[in-house]
Amino acid sequence: KNLAPNVVGEDGSVAIRITREEVSRSLCRMLCRPLVSTSANMSGQPSAATFGQISEEIKAAVDYIVPLRQNEHNMPPRIVKLYNDGVFKVIR
């Protein structure tokens, strides 16, 4: 409900990334809403586990990189896929 059409999948689902990363969590709290983002990897490629694993192509294509904790190994965020009938599936 009230989602931009470009964040809803062809099957009517939406994937939600639940981050433990404090900068992202703080931004969501301050804005009182979620942020739309994508993984830092090319489609079909594995997700980067660290900042150093993000390709230079992706880094060059973004407007800003938060200069914090780029050397830490963080647990990947939980991803939940929600369907328009209320059913959900934990992806990771």
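From a predicted model like this one, the values you see are computed outputs, not experimental measurements. (Residues numbered from 1 in each chain as written. Predicted model: local features only at pLDDT ≥ 70, side-chain atom pairs only at ≥ 80, totals over all residues. Heavy atoms only, no water.)

Draft legend 1. Expanded view of the environment of tyrosine 83. By the element assignment, tyrosine 83 lies in the loop between strand S2 (78–82) and strand S3 (88–90). Spatially, the C-alpha atoms of tyrosine 83 and glycine 9 are 9.3 Å apart, while their sequence positions differ by 74 residues. With near-sequence residues (within four places) excluded, tyrosine 83 lies in contact with Asp11, Gly12, Ser13, Phe88 and Lys89. (Helix = DSSP H or I, 4+ residues; strand = E, 2+ residues; numbered from the N terminus. Contact = heavy atoms within 4.5 Å.)

Draft legend 2. View of the side chain of lysine 59. Structurally, lysine 59 can be placed in helix H2 (residues 56–61). Taking the relative accessible area as the measure of exposure, lysine 59 reaches 18% and is therefore buried. (Buried < 20%, exposed > 50% of the residue type's maximum accessible area, 1.4 Å probe, protein only.)

Draft legend 3. Highlighting the environment of lysine 59. The sequence separation of lysine 59 and alanine 40 amounts to 19 residues, and the corresponding C-alpha distance is 8.6 Å. Within the structure, lysine 59 has its side chain in polar contact with the side chain of glutamate 56 (distance 3.3 Å). (Polar contact = N/O pair within 3.5 Å; in protein donor to acceptor, adjacent residues only side chain to side chain.)

Draft legend 4. Structural context of the pattern of salt bridges. Tallied over the full model, the rule gives 4 salt bridges. Between glutamate 22 and arginine 25 there is a salt bridge, with the nearest N and O atoms lying 4.0 Å from each other. In this pair, glutamate 22 and arginine 25 are both assigned in helix H1 (residues 22–31), 3 residues apart and thus about one turn of the helix distant. Judged by its relative accessible area of 35%, arginine 25 falls in the partly exposed class. Glutamate 22 is the salt-bridge partner of arginine 29, the closest N and O atoms lying 2.4 Å from each other. Among the residues examined, glutamate 22 registers a relative accessible area of 39% and is labelled partly exposed. Ionic contacts of the salt-bridge type, sharing partners, join the residues Glu22, Arg25 and Arg29 into one network. (Salt bridge = Lys/Arg side-chain N within 4 Å of Asp/Glu carboxyl O.)

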